[in-house]
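Residues per chain, in single letters:
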Amino acid sequence: MLRALIFDVDGTLADTEAVHCAAFNHAFAQAGLDWHWDTALYTRLLEISGGKERIRHYWQQVQPDMTAIDAGALADTLQRLHDLKTAAYEQAVQDGAVQLRPGVLALVEEAGRAGLPMAIATTTSPVNIGVLLRQAIGTHWQTCFAVIEDASTAPVKKPNPQVYLQTLKRLGMPAAQALAFEDSGNGLAAAVAAGLPTVITPTPFTAHHDFSAALRVRPDLSGVTLALLQDWHRAHH
Ligand code: XBP
Ligand code: MG
């Protein structure tokens, strides 16, 4: 019995990563750094969930002795760069840079009408969820989701299952009665580790990832109705 839908954000609700990447580059330029992440490099860096963790990982690659920097100063610099990036991303989304992926709004609306609880389980920052969904769904967007778990509530990032385990706990149901939607290998690993059957809709950033543990892999959510999801979910058990 399918009792809840749990959505990842970046790459799943919307194909956001090119806009995230541009925001990182904008932040680096604002900070006077000569760092530039092109698409090929960013595709590799997406193996690291979480923007701050991603910047730290890259910094360590280009400046191995950065670990000698005072931990407090390092944390402050990472926070400042990430704040600049988040502001740039927020502005880009407000300017219309990102749309929901095909089929997403129709499914959210159908589940809403059917009274099927929905949740968000993401490693992105709360600001990014708000700016995307306020614009894509409307100012009432939060009423569509019974539970929202993000980088501010689940600091240990995917592939760790923390964000999904916290989401399930707050939904008050076992993983077998829910369905997760993801776009990446890390996201799939986190959802599966939490016991969730998972539907994958890859993006060009993640199409090469291993999705063998997925319940289904589809190009996007076009035509994916509640009835179809209930069939897939029933066949899973
Ligand atoms: C994808 C991520 C995030 C975004 C950038 O999140 O890993 O880090 O790439 O957003 P999701 P932040 O779990 O929704 O796929 O800079 O806010 O981390
Ligand atoms: Mg994702």
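Note: the structure precedes this text.
Is there a simple way to think about the overall build of the chain in this case?
A count of helical and extended segments in the chain gives nine helices and six strands. For the chain, whose C-alpha radius of gyration is 18 Å, the value lies close to the compact-globule estimate of 18 Å for 237 residues. Taken along the three principal axes of its C-alpha coordinates, the chain extends 55 × 35 × 30 Å. For the chain, the share of sequence-separated contacts (at least 6 apart) that also reach a separation of at least 24 residues comes to 65%. Accessible surface computed for the chain: about 10,400 Å², of which carbon and sulfur atoms make up 54%. Looking at charge distribution, the chain has the averaged site of its 17 positive side-chain charges lying 7 Å from that of its 23 negative ones.

Would you take a moment to explain the environment of Ala-119 for this structure?
Positionally, Ala-119 belongs in strand E2 (residues 118–121). When the C-alpha atoms of Ala-119 and Val-62 are compared, they prove to be 38 Å apart, with 57 residues separating the residues in sequence. In contact with Ala-119, not counting residues within four places along its chain, are Leu-5, Ile-6, Phe-7, Phe-145, Val-147, Thr-167 and Leu-171.

Looking at this model, I keep getting lost on the site of ligand 1. Mind explaining?
In the vicinity of ligand 1, 19 residues are found, and the nearest of them are Asp-8, Gly-51, His-82, Thr-122 and Ser-125. Between ligand 1 and the protein, one listed contact pairs an oxygen atom with a side-chain N or O atom of Arg-54 at 2.9 Å. Measuring from an oxygen atom of ligand 1, one finds a side-chain N or O atom of Thr-123 at 2.9 Å. Protein burial of ligand 1: of its 450 Å² of free accessible surface, 96% is covered by the chains.

Explain the sheet that holds strand E6 (residues 216–217) to me, please; I cannot follow it from the model alone.
The six strands lie next to each other as E3-E2-E1-E4-E5-E6, forming an open sheet whose pairing is parallel. Both outer strands of the open sheet, strand E3 (147–149) and E6, are each paired with one neighbouring strand and no more. Sheet topology places strand E1 (residues 4–7) next to strand E4 (residues 178–182); four bridges connect them, and they run parallel. In the strand pairing of E4, Leu-5 is matched with Leu-179. Its contacts with the sheet put helix H7 (residues 162–171) on E1, E2, E3 and E4, and the angle it makes with E3 is roughly 160°.

Honestly, helix H9 (residues 226–236) in this entry has me stumped. Any pointers?
Owing to its 3.6 residues per turn, the α-helix aligns residues three or four sequence positions apart on the same side. Among all positions in H9, only Leu-226, Leu-229, Trp-232 and His-233 are buried. Along the axis of H9, the buried positions cluster into a sector of 125°, meaning they face one direction only. Across H9 from its buried face, at more than 90 degrees, point the exposed residues Arg-234 and Ala-235. In this fold, the buried residues of H9 make contact with E1, helix H5 (104–114), E4, strand E5 (198–200) and E6.

Would you explain the coordination of the magnesium ion (ligand 2) in this entry?
Each pair of donors in an ideal octahedron of six around a metal sits at 90 or 180 degrees, and each pair in an ideal tetrahedron of four sits at 109.5 degrees. Bound to the magnesium ion (ligand 2) on the protein side are Asp-8 (OD), Asp-10 (O) and Asp-183 (OD), at distances that span 2.1 to 2.3 Å. Counting residues between consecutive donors of the magnesium ion (ligand 2) along the chain gives the motif D-x1-D-x172-D. Note on accessibility: Asp-8 and Asp-10 belong to one class, buried.

Even after reading the chapter, I still don't get the packing of aromatic side chains, so can you show me in this structure?
For any pair of aromatic rings, geometry is given as the distance between the ring centres together with the angle between the planes. Tallying each qualifying case throughout the model produces twelve aromatic pairs. Between the aromatic rings of Phe-24 and Phe-28, the centroid separation amounts to 6.4 Å while the plane-to-plane angle is 35°, which identifies the pairing as tilted. Residue Phe-24 and its partner Phe-28 are both found in helix H1 (residues 17–30); the two are separated by four residues, about one turn of the helix. Assessed through its relative accessible area of 1%, Phe-28 is described here as buried. Within the aromatic cluster, the residues linked to one another by ring pairs are Phe-24, Phe-28, Trp-35, Trp-37, Tyr-42, Tyr-58, Trp-59 and Phe-205.

What counts as what
Residues numbered from 1 in each chain as written. Chains lettered and ligands numbered in written order. Predicted model: local features only at pLDDT ≥ 70, side-chain atom pairs only at ≥ 80, totals over all residues. Heavy atoms only, no water. Helix = DSSP H or I, 4+ residues; strand = E, 2+ residues; numbered from the N terminus. Rg over C-alpha atoms; globule rule 2.2 N^0.38 Å. Contact = heavy atoms within 4.5 Å. Areas by Shrake-Rupley, 256 points an atom, 1.4 Å probe, with all protein chains shown as cover. Lys, Arg positive; Asp, Glu negative; His and termini not counted. Charge placed at Lys NZ, Arg CZ, Asp CG, Glu CD. Near = heavy atom within 4 Å. Polar contact = N/O pair within 3.5 Å; in protein donor to acceptor, adjacent residues only side chain to side chain. Pairing = 2+ DSSP bridges. Axes fitted to C-alpha atoms, helices over the stretch in contact; angles between N-to-C directions. Buried < 20%, exposed > 50% of the residue type's maximum accessible area, 1.4 Å probe, protein only. Arc of directions from axis to C-beta. Donors = N, O, S within 2.8 Å, 3.2 Å for Na, K, Ca; no water. Phe/Tyr/Trp six-rings, centres within 6.5 Å; stacked < 30°, edge-to-face > 60°.

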